[in-house]
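# Observations on the model geometry
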Amino acid sequence: MKLYCCLCGRPMDRAAVLIGAHPVGPKCARRAGLMPLVHRKSGLVFAASGHKSAVRQDAQTLDLFEGAV
Ligand SMILES: [Zn+2]
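Residues numbered from 1 in each chain as written. Predicted model: local features only at pLDDT ≥ 70, side-chain atom pairs only at ≥ 80, totals over all residues.

In terms of regular secondary structure, the protein chain is built from 3 helices and 5 strands. The order of α-helices and β-strands along the protein chain, N terminus first, is β-β-β-β-α-α-β-α. The buried share of the protein chain, reckoned over its 69 residues, is 19%. (Helix = DSSP H or I, 4+ residues; strand = E, 2+ residues; numbered from the N terminus. Buried ≥ 20, exposed ≤ 12 C-beta atoms within 10 Å, placed from the backbone.)

Spatially, E4-E3-E5 is the arrangement adopted by the 3 strands of the open sheet, whose pairing is antiparallel. Strands with a single pairing partner mark the edges of an open sheet, and in this sheet they are strand E4 (22-24) and strand E5 (45-47). With strand direction ignored, the average angle separating the axes of adjacent strands in the sheet is 30°. One ladder, built from 3 bridges, connects strand E3 (residues 17-19) with E5; its direction is antiparallel. Residue pairing for E5: Ile19 is matched across the bridge by Val45. (Pairing = 2+ DSSP bridges. Axes fitted to C-alpha atoms, helices over the stretch in contact; angles between N-to-C directions.)

It is worth spelling out the environment of Gly9 at this point. Looking at the secondary structure, you find Gly9 in the loop between strand E1 (3-4) and strand E2 (11-12). In the structure, Gly9 is positioned 15 residues away from Val24 in sequence and 9.0 Å away in space, judged by C-alpha atoms.

Counting 10 residues, the largest nonpolar core consists of Ala15, Ala16, Val17, Leu18, Val24, Cys28, Ala29, Leu34, Val45 and Phe46. Only E3, helix H1 (26-31) and E5 provide two or more residues apiece to this core. Leu34 has contacts with Val17, Val24, Ala29 and Val45, leaving out every residue within four places of it along the chain. (Core = buried A, V, L, I, M, F, W, Y, C linked by C-beta atoms within 7 Å. Contact = placed C-beta atoms within 7 Å.)

Turning our eyes to something else, we now look at the environment of Ser49. Following the sequence through the fold, Ser49 ends up in the loop between E5 and helix H3 (51-68). Taking the C-alpha atoms as reference, Ser49 lies 8.1 Å from Ala15; in sequence the two are 34 residues apart.

The structure is reproduced here in structure tokens:
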């Protein structure tokens, strides 16, 4: 499965982070300052490792946030 960085559109072997469902390569993530955001629980930026379960959990969390706001 080919991944394409959602910031620069280049193909990459693996994403470093995800913005929502969009993968971002390590270079772009660092350049865009996304790496510090990975460690925040709130927000749309996730670490891409083991992202399948993480995305589902975060999607539920986002629903909760949307309902709360
Ligand atoms: Zn990129």
